[in-house]
Every structure is written in C-alpha cells, then in structure tokens.
Amino acid sequence: MIRLGYACISVKTKNNPNKKTTVAQLNKLEPQARLKKLRQILQTNFFNLMDLLAYNVEHQIFLYRLPSEFVPLATHSAAENWDWAREFAWDFRKTGEFIRNNGIRLTAHPGHFCILNSDKPAVVKTTIADLAYHAKVFDLLELDDNSVLVTHIGAVGDDRSAALDRFAANFEQLPDAVKRRLAVENDDTSFTMAEALELCERLKLPMVFDYHHHRCLNNGENWVDYLPRIIQTWGNRTPKMHMSSPKSESDFRAHADNINPEEFVSFLSALADYNVDIVLECKKKDDALLTLRRELRKRGIEAEALASAP
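Here, residues in each chain are numbered from 1, in the same order as that chain's written sequence. Per-residue local features are limited, in this predicted model, to residues with pLDDT of at least 70; the limit for side-chain atom pairs, both in listing and counting, is 80 or more; totals at the level of whole chains, interfaces and linings are taken over all residues. Hydrogens are left out, water is left out, and the side-chain values use all remaining heavy atoms of the structure.

Chemist: Any chance you could explain the overall build of the protein here in plain terms?
Modeler: To qualify as a helix, a DSSP run of H or I must reach at least 4 residues; to qualify as a strand, a run of E must reach at least 2; elements of each kind are numbered from the N terminus. Along the backbone of the protein there are 12 helices and eight strands. For a compact globule the rule gives 2.2 Å times the number of residues to the power 0.38, and the radius of gyration it is set against comes from C-alpha atoms. By the compact-globule yardstick of 19 Å for 310 residues, the protein fits well, its C-alpha radius of gyration being 19 Å. The C-alpha extent of the protein, read off along each of the three principal axes, is 55 × 50 × 40 Å. Each residue is assigned to one of three classes by its accessible area relative to the maximum for its type, calculated with a 1.4 Å probe on protein chains only: buried under 20%, partly exposed between the two thresholds, exposed over 50%. Within the span of the protein, comprising 310 residues, buried residues form 52% of the whole. For this analysis, residues touch if any pair of their heavy atoms sits within 4.5 Å. Residue pairs in contact within the protein that sit at least 24 positions apart in sequence constitute 78% of those at least 6 positions apart. On the protein, roughly 14,200 Å² of surface is accessible, and the fraction owed to carbon and sulfur atoms is 49%. When the 40 positive and 42 negative side-chain charges of the protein are each reduced to one mean point, those points stand 6 Å apart. To measure how exposed things are, a 1.4 Å probe is used in the Shrake-Rupley method; for residues, cover is taken only from the protein chains shown. Neither His nor the chain ends contribute to the count of charged residues, in which Lys and Arg are positive and Asp and Glu negative. Note that the charge is assigned to NZ on lysines, CZ on arginines, CG on aspartates and CD on glutamates.

In structure tokens, the structure reads:
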C-alpha cells in the first residue's frame, strides 16, 4: 500500500506555516522589536501548522513536508540571540503530540543552497548549520527517524568521482542528529538515480527515488530494476519517494499542476509489493493529491492506505 502527501503549501486552506521576514526588515527595528517580530511569526506558523495538520487528518493525508522557513531566520546571525527552542518548547511538545497521536509523517527538504559536497568550506559550514536546524525542529517535536531530511548530492564540478567523495567526507562532519535523519535524492541535472543509490549504499543512507528526476536524467537505466536496492536502503523505515509529471514536452523539467493519472498508475504498478510514502510535487499541492485520489477511484484502484501509520 502507499500513502500520498504533498509539500509545504496547501492551496485549499488559507493558513500555511511558511510566514517569514527578511533581514532587511529586521534591520529597521530595534533589538527587542526584532525579537518580538520573530516570535510573532513563529507563533503564527505554529498556529497555521496545527490548522493545516488538522485539515490533512480530516482528508486522510498523513504525509507532509514542513516548509524550511518554519522558524524564521533560524540560522541567520539576525536571530542569533533568540532562543526559539526554549521559548517555544511547549508549542513543539504539543504539536509533536498531535503529529504522533495521528500517525503523521513529517519530512523536510532543505533548500538549494544546502550543498554538502561543495568545495567551499563556508558553503559546507552553512549547509551543516541548516541541516542541524531542521534536525533540531524534528527532535523538539520528538519525531522518529522516518522524519527524514532530504538533500541532493550537490554540484558535479570537473570531477564526478571527486564530487561524490567530497559528499562522503563532509557527511562525516555532520552531527549525529543530522546523520540519523539524512536521506539522499537523485536530481534532474547532476546525479542520476544509480549514482545516488551507490552513494547511499556506501554511506548507509536511505535513498529518496524521484521518478520525474529519473526521467529527466538517466543513462538508460530502468528504475524498476533498481527498486529492490532502493527499498533496502531504508532498512526498517518506510521508503519515501517523489512523484511529479512534466509540465510539457518543451518544459519537461518543470512540474505540472497535477499528476498525470496514467503515468501514476504505471508508476504504482511497480510498487505493488511494497509499502511506500509518496510526496506529490505538483503546483496544485493538496488539490492535486485529492484530484489524483478521485482519478484512481474512477479506475477502481484502491492502492492508498487511507489511515495513519500504526
């Protein structure tokens, strides 16, 4: 069975946990006013997250990607004197209870500035700080290791092998809290499914297979042949994958508004023997999920587990 989820923003509800500010806006304020603004934003994000999670449960959606900006400017020097973890300990605890009690799986996907295999020490340093922030949020929520942090391998540079070795070397610098949550995804421009899988097997990391990225970048591999190895990287955790449809043949890398149901049925057929969580990366977010669910039912397909995790 599968479970479907979506990323960050609901288009069907008005409250989303991604409210933010800018450094420029903060710099216009006195120190105490800065802290007040940051606190107000995080409080709003907690309120919106609880509202959104309740909406998800109501619609039997138990997989959700938390926006990276949930804690505003958490890793920026503008917020260095703000102990958000202590101040919002109660909010983290109560939100975590709701998540666990309803069997929701929360994941995160740090942004494109997160490049662990960079050859620039400053970039690696900020990447580690960003990953540590995401791990801290999930630890404060008391979530298990199914709440993974998904990252791409990074830049190729002039030497693919050296780029992969750099990722492996920099991985050793990560705090244990990050290491136990990190997962690696194949991308659409740099590293293929096969390369990501080999790196995951080397570092004993789970691999997030992205179907659309594989269609964009491959060396002729049939992903189904690699599926048992991909599943194996997850051990006792539930495998997580990404699915999207191309916007058009001329703009193939871009994500479409919705999932092509015929493509999804084909994708699904290979997963019949597995329990897999699938994040749909569509412009229409939760609306695309609900639309796909209806399309599957029209075809008499009941592959989705419409219940929370045990």
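Chemist: Whenever I open this one, the sheet that holds strand β3 (residues 105–107) confuses me. Can you help?
Modeler: Two modes of strand pairing occur in sheets, parallel and antiparallel, and in both the strands are linked by backbone hydrogen bonds. Strands qualify as paired when DSSP identifies two bridges or more between them. Judged by pairing direction, the sheet is parallel, and its eight strands sit side by side in the order β3-β2-β1-β8-β7-β6-β5-β4 without closing on themselves. Of all the strands in the sheet, just β3 and β4 (149–152) have a single pairing partner and so form its edges. Across the sheet, the mean angle separating the axes of adjacent strands is 30° when strand polarity is ignored. One ladder, built from two bridges, connects strand β6 (residues 207–210) with strand β7 (residues 240–243); its direction is parallel. Directly across from Asp 210, in β7, lies its bridge partner His 242. Together, β1 (2–7) and β8 (276–280) form the strand contacts of helix α12 (residues 285–298), whose direction differs from that of β1 by roughly 155°. All axes are obtained by fitting lines to C-alpha atoms, using only the stretch in contact for helices, and the reported angles, taken between N-to-C directions, cover 0 to 180 degrees.

Chemist: What is the right way to read the environment of Gln 43 from this model?
Modeler: Looking at the secondary structure, you find Gln 43 in helix α2 (residues 31–58). Here Gln 43 falls in the partly exposed class, since its relative accessible area comes to 38%. Once the C-alpha coordinates of Gln 43 and Pro 17 are considered, the two residues, 26 residues apart in sequence, prove to be 9.6 Å apart. Residues in contact with Gln 43, not counting those within four places in the same chain, are Phe 88 and Asp 91.

Chemist: Even after reading the chapter, I still don't get the pattern of salt bridges, so can you show me in this structure?
Modeler: Side chains that differ in charge, positive against negative, can pair when their charged atoms come close. A pair is scored as a salt bridge if a Lys or Arg side-chain nitrogen falls within 4 Å of a carboxyl oxygen belonging to Asp or Glu. One pass over the structure, following the stated rule, counts 20 salt bridges. Residue Asp 287 pairs with Lys 12 through a salt bridge whose shortest N-O separation is 3.6 Å. Taken as a pair, Asp 287 in helix α12 and Lys 12 in the loop between β1 and α1 (23–27) lie far apart in primary sequence, 275 residues in all. According to the relative accessible area criterion, Asp 287 is buried, its value standing at 18%.

Chemist: Any chance you could explain the packing of aromatic side chains here in plain terms?
Modeler: Aromatic rings in a pair are described by how distant their centres are and how their planes are angled relative to each other. Between the rings of Phe, Tyr and Trp (Trp by its six-membered ring), a pair exists once the centres lie within 6.5 Å; its type follows the angle of the planes, with under 30 degrees stacked, over 60 edge-to-face, and the other angles tilted. Applying the stated criterion to the full structure yields 12 aromatic pairs. With a centroid separation of 5.0 Å and 15° between ring planes, the pair formed by Phe 209 and Trp 223 is classed as stacked. Of this pair, Phe 209 sits in strand β6 while Trp 223 sits in helix α10 (residues 223–232), and the two are 14 residues apart along the sequence. Classification of Phe 209 as buried rests on a relative accessible area of 0%. Taking the relative accessible area as the measure of exposure, Trp 223 reaches 8% and is therefore buried. Among the aromatic residues, those joined into a cluster by ring pairs are Phe 46, Phe 70, Trp 82, Trp 84, Phe 88, Phe 92 and Tyr 133. Think of it as a cone above the ring: NZ of Lys or CZ of Arg counts as a charge over the ring if it is within 6 Å of the ring centre and within 35 degrees of the ring normal. Above the plane of the ring of Trp 84 lies Lys 136, whose end atom (NZ or CZ) is 4.9 Å from the centre.

Chemist: I would appreciate a short explanation of α2 in the present structure.
Modeler: Working note: α-helix, 3.6 residues per turn, so residues spaced by three or four point in the same direction. Multiplying 1.5 Å by the helix residue count minus one yields the expected span of that helix. For α2, with 28 residues, the first-to-last C-alpha span of 41 Å sits near the 40 Å given by 1.5 Å per residue. Those residues of α2 that fall on the buried side of the exposure criterion are Leu 35, Leu 38, Ile 41, Leu 42, Asn 45, Phe 46, Asn 48, Leu 49, Leu 52, Leu 53, Tyr 55 and Asn 56. In the segment just after α2, Gln 60 is the residue with positive phi, at about 55°.

Any link to function would need more than the numbers given here.
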